[in-house]
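Understanding the architecture of this molecule
Residue strings, one per chain:
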Amino acid sequence: MTTAAELASPPAEPPPSGHTRALATVWFTLFLDLVSFGIVIPVLPFYAKSTGASEGLIALLATAYSAAQFVMSPVLGRLSDRHGRRPVMLISIAGSTMAMLTLGFAQALWMLFLSRTISGVCNANVSTAHAYVADRVPPHQRARYMGMMGTAVGLGFIVGPSLGGLLARADWPQFPFFVGAALSLLNFLMAVMWLPESHRPRAAVAGPPPPRPSLLAVARDPAFWRSQIGVMVAVYFSFFCAFAAMEATFALFAEACFGWGEQENGRYFAFIGTVIVLFQGFIVGRAVSTIGERRSLALGLTLSFTGFLLLCASPSWLFVVLGGFFIAGGNGLIMPSMSALVSRNSTSENQGINAGFAQSAGALGRIAGPMIAGVLFEVIGPRAPMGSSATLVVLVCIMVLARVHESRPEAGR
């Protein structure tokens, strides 16, 4: 059982008032971020079709979400540093509620894009939520509490698509979105009551902080792409591009090839989320301790390649389920291994910025993947995005085996 001394910040002081409720509220915020993201996955493609959207435009809805999240993540983080975590999180939660209501009342395609953009802006508060936890938890316990926050993300990805499929109704297709709005409103009320400010102003330091290089400046530096961090940035971008391409077009693929609807897609993504959580909870630790991060990453990419290939060539729904298992299992190995490799190839002076470069690359992959997948779906056919994801993942696996090392920190970034 966690004691008061363990939770305090600093350790010698008692925990702040409402400490447990505050962290529970942050956990619920992260959980709902993924629920609201996942609840639309099995429903939105069919809902968008009713507004006359083509498959390519439907895929662009996912791009709008990721683009907004990519742009606003550092902005919200900077605002929370200046004005506190509480107001940023309250505004973000309120915005998520408005985004779901906009989706529910949408009568035209532009309203769907507006809703997904607002949702992406507001769900960029994940970095603020993690900063809130870091404010309230002593350094020696942060890894433990960040892991607990990670379970909120995993469970949200399981519950969201499943809930979206279960709530889908032919006579009221907007119903899942109104349920999502109600959950966000509940979260807002919890935050108003139980989320005190955590950010303490720091003493002024002499001179401004040293400038950080921009992504554009780094991208223009050939030496960066020869470094281990540069290789990992390319791995992040490529994997998320492949996974997002599948994610954005799967509902359309399953409908075209197997006649699946909202409920089948909801159960499928809930199955994928469950397998990811199980692999991250029980498999990845043993794999890394046995074969290391690099080979665990390569193994995960191999599993994902097999899964995408099974989807592309699937003659029946059984192969789709088997492909989903391989994709989810691969994802469960890939994500922790990528994070560990970025950390192992960084120094104490550049851990944060290197992790930021990698996350930005992943966000760009989530932008590019759906755009490419939408075009392939319309021009070639419903199986083409799965085939392109398989091709991209196998190329990334070859790059990992050829160029990634486990424990040589880069001194230059």
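Relevant structure appears above.
Thresholds applied
Residues numbered from 1 in each chain as written. Predicted model: local features only at pLDDT ≥ 70, side-chain atom pairs only at ≥ 80, totals over all residues. Heavy atoms only, no water. Helix = DSSP H or I, 4+ residues; strand = E, 2+ residues; numbered from the N terminus. Buried < 20%, exposed > 50% of the residue type's maximum accessible area, 1.4 Å probe, protein only. Contact = heavy atoms within 4.5 Å. Salt bridge = Lys/Arg side-chain N within 4 Å of Asp/Glu carboxyl O. Expected span 1.5 Å × (residues − 1). Patch = residues over 30% accessible without salt bridge, like charges linked within 9 Å, V, L, I, M, F, W, Y side chains within 5 Å. Areas by Shrake-Rupley, 256 points an atom, 1.4 Å probe, with all protein chains shown as cover. Phe/Tyr/Trp six-rings, centres within 6.5 Å; stacked < 30°, edge-to-face > 60°. Lys NZ or Arg CZ within 6 Å of the ring centre and 35° of its normal. Axes fitted to C-alpha atoms, helices over the stretch in contact; angles between N-to-C directions. Parallel < 35°, antiparallel > 145°, perpendicular 65-115°, else oblique. Left-handed = near helix turned anticlockwise from the far one by under 90°. Nonpolar A, V, L, I, M, F, W, Y, C, P; charged D, E, K, R; others polar. Core = buried A, V, L, I, M, F, W, Y, C linked by side-chain atoms within 4.5 Å.

Concerning the overall build of the protein chain
Helix and strand counts for the protein chain come out as 16 helices and zero strands. Every one of the 413 residues in the protein chain was classed for burial, and the buried ones make up 51%. Contacts spanning at least 24 positions in sequence make up 85% of the contacts within the protein chain whose residues lie at least 6 apart.

Quick notes on the pattern of salt bridges
All told, the structure shown has three salt bridges when counted by the stated rule. Residue glutamate 255 is joined to lysine 49 by a salt bridge in which the shortest nitrogen-to-oxygen separation is 3.0 Å. With glutamate 255 in helix α12 (residues 228-258) and lysine 49 in helix α3 (residues 44-49), the pair connects residues that are 206 residues apart, well separated along the chain. Of the charged contacts in the structure, one is a salt bridge between glutamate 247 and arginine 366, with a shortest N-O distance of 2.8 Å. Of this pair, glutamate 247 sits in helix α12 while arginine 366 sits in helix α15 (residues 351-379), and the two are 119 residues apart along the sequence.

Concerning helix α16 (residues 384-403)
In this model α16 runs 29 Å from its N-terminal to its C-terminal C-alpha over 20 residues, within 8% of the 28 Å that 1.5 Å per residue would give. Buried residues of α16: Ala384, Pro385, Met386, Gly387, Ser389, Ala390, Val393, Val396, Cys397 and Val400, and no others.

A look at helix α9 (residues 175-194)
Between the first and last C-alpha of α9 there are 29 Å, a value that for 20 residues agrees with the 28 Å anticipated at 1.5 Å per step. Among all positions of α9, only Pro176, Phe177, Phe178, Gly180, Ala181, Ser184, Asn187, Met190 and Ala191 are buried.

What about the environment of asparagine 265?
Relative to the assigned elements, asparagine 265 resides in helix α13 (residues 262-313). A relative accessible area of 0% places asparagine 265 in the buried class. When the C-alpha positions of asparagine 265 and glutamate 255 are compared, they lie 9.1 Å apart, and in sequence the two are 10 residues distant.

What about the environment of threonine 25?
Mapped onto the elements of the fold, threonine 25 is located in helix α2 (residues 19-39). Apart from the residues within four sequence positions on either side, threonine 25 is in contact with Asn187, Met190, Ala191, Trp194 and Leu195.

Some remarks on a nonpolar patch on the surface
Where nonpolar side chains cluster on the molecular surface, the patch consists of Leu185, Leu189, Val192, Met193 and Trp194 and spans about 460 Å² of accessible area. Assignment of secondary structure puts valine 192 in helix α9.

Let's talk about the packing of aromatic side chains
Overall, the coordinates contain 18 aromatic pairs when judged by the stated rule. Aromatic pair phenylalanine 279 and phenylalanine 325: ring centres 6.0 Å apart, planes at 70 degrees, arrangement edge-to-face. Of the two residues, phenylalanine 279 sits in helix α13 while phenylalanine 325 sits in helix α14 (residues 317-344), which places them 46 residues apart along the sequence. Linked through ring pairs, Phe250, Phe253, Phe258, Trp260, Tyr268 and Phe269 together constitute an aromatic cluster. Above the plane of the ring of phenylalanine 175 lies arginine 169, whose end atom (NZ or CZ) is 5.7 Å from the centre.

Brief notes about the side chain of asparagine 331
Within the secondary structure layout, asparagine 331 lies in helix α14. With a relative accessible area of 7%, asparagine 331 lands in the buried category. Filtering out sequence-adjacent residues up to four positions away, asparagine 331 remains in contact with Phe239, Phe243, Ile276, Gln280, Ser304 and Pro336.

Here we look at the packing of α12 against α16
The interhelical angle for the contact between α12 and α16, taken along N-to-C directions, is 160 degrees, at an axis separation of 9 Å. As the angle between them shows, α12 and α16 are arranged roughly antiparallel. As for the relative orientation of α12 and α16, their crossing is left-handed in sense. Residues Gln228, Val231, Ala234, Val235, Ser238, Cys241, Ala242, Ala245, Met246, Thr249, Phe250 and Phe253 of α12 form the contact with α16, whose participating residues are Pro385, Met386, Ser389, Leu392, Val393, Val396, Met399, Val400 and Arg403. The class makeup of the residues in the contact of α12 with α16 is 16 nonpolar, four polar and one charged.

Quick look at the nonpolar core
Ranked by internal contacts, the top residues of the largest apolar core, which has 72 residues, are Phe250, Leu297, Leu301, Leu311 and Met338. In terms of residue count, α12 provides more of this core than any other element does, 15 residues in total. Leave out the neighbours within four places in its chain, and methionine 338 touches Met232, Val235, Tyr236, Phe239, Phe240 and Leu297. By size, the runner-up hydrophobic cluster in this structure holds 19 residues, among which are Ala22, Leu23, Ala129 and Val137.

Examining the packing of α13 against α16
Close contact between α13 and α16 brings their axes to 8 Å; oriented N to C, the two are set at 160 degrees. By the angle between their directions, the pair α13 and α16 is classed as roughly antiparallel. In the crossing of α13 with α16, the sense of the turn from one axis to the other is left-handed. In this structure, α13 uses Arg294, Leu297, Ala298, Leu301, Thr302, Ser304, Phe305, Phe308, Leu309, Leu311 and Cys312 to contact α16, whose residues at the interface are Met386, Gly387, Ser389, Ala390, Val393, Val394, Val396, Cys397, Val400 and Leu401.

Some thoughts on the environment of valine 126
Within the secondary structure, valine 126 is located in helix α7 (residues 126-136). Taking the C-alpha atoms as reference points, valine 126 and serine 73, 53 residues apart in sequence, are found 7.9 Å from one another. Beyond its immediate chain neighbours, meaning those up to four positions away, valine 126 contacts Leu30 and Asp33.

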